[in-house]
Amino acid sequence: MRTWLPPYRCDLVLHGEAWGDFLQGSGDDLLVSERFARAFQEEGLTGLEGFHPVEVRRVRGKRRNSTLSTPPPYLFTKACFGRGALDLTRGRLRFPAPPTCPECLSVHLDTIHGFSLEPGTWRREDIFRPRGLHGWLTVSERFARFVARHGFTNLRLTPSEEYLWDPTAPADSA
């Protein structure tokens with residue numbers, strides 16, 4: 001994936017009735033509302049790297065006959081790559097072969113039926129990409145309380161021990 005460089009410009013598609021506070025773009029890119037960014041910084045949470053203004057060039061609705069509201073100002077950010085490492089022995093993971101690199105723990109996972117982090121590896125980031133699950137955002141309980149307290153939208157938080165990812169399962173069972 002190429003790195004998104006300034007100036008940050010984007011087109012948005014509204015899928016529901018209202019704009020969310022948290023948007024995951026392509027790759028590791030995140031867009032957050034100004035309200036989200038301000039609260040994140042005021043409360044001293046960690047794990048997001050920089051907040052940069054984004055120019056929204058065009059918006060369109062996914063639903064027919066939808067009236068488009070003006071999106072809130074969005075900021076570009078990225079979640080850090082944390083030191084927290086996927087615990088390959090305690091998690092309910094299935095993979096064809098163990099990782100070959102002890103640092104990145106890059107594994108090809110077949111399924112995830114709950115996971116945990118290796119004790120002593122997490123450095124208390126509130127939002128991060130753990131080693132072994134680079135494509136997934138992981139958040140702290142503090143972050144989950146922060147989201148609930150402020151009523152931020154467009155985030156679905158699942159406890160790690162309940163997280164299910166099985167691309168072979170029928171769509172209605174996941």
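Scroll up for the structure.
Throughout this document, residue positions are counted from 1 along each chain, in the order its sequence is written. Only residues with pLDDT of at least 70 get local features here, since the model is predicted, and only at 80 or more are side-chain atom pairs given and counted; chain-wide, interface and lining totals rely on the full set of residues. In computing side-chain values, all of the structure's heavy atoms are included and hydrogens and water are not.

Backbone-to-backbone hydrogen bonds join strands into a sheet, with any given pair of strands oriented parallel or antiparallel. A pair of strands is labelled paired if DSSP reports no fewer than 2 bridges between them. Only DSSP runs of H or I reaching four residues or more are called helices, and only runs of E reaching two or more are called strands; each is numbered from the N terminus. Read from one edge of the open sheet, three strands run E7-E8-E11, paired in antiparallel fashion. Sheet topology places strand E7 (93–94) and strand E11 (164–165) at the edges, where each strand pairs with a single neighbour. Bridge count for strand E8 (residues 111–113) against E11 is two bridges, and the pairing is antiparallel. Looking at the pairing, Ile112 lines up with Trp165 of E11.

To continue, consider the packing of aromatic side chains. Centres within 6.5 Å make a pair out of two Phe, Tyr or Trp rings, where for Trp the six-membered ring is used; the pair is then stacked when the planes are under 30 degrees apart, edge-to-face when over 60, and tilted otherwise. Taken as a whole, this structure holds 16 aromatic pairs when the rule is applied. Here Phe40 and Phe146 contribute two aromatic rings whose centre-to-centre distance is 6.2 Å and whose plane-to-plane angle is 75°, an arrangement assigned as edge-to-face. In this pair, Phe40 is assigned in helix H1 (residues 34–42) and Phe146 in helix H2 (residues 141–150), connecting sequence segments 106 residues apart. Like Phe146, Phe40 is buried. Taken together, Phe22, Phe36, Phe40, Phe51, Phe143, Phe146 and Phe152 form an aromatic cluster joined through their ring pairs. Exposure is judged per residue with a 1.4 Å probe applied to protein chains only, and the accessible area is read against the type maximum: over 50% gives exposed, under 20% gives buried, and values in between give partly exposed.

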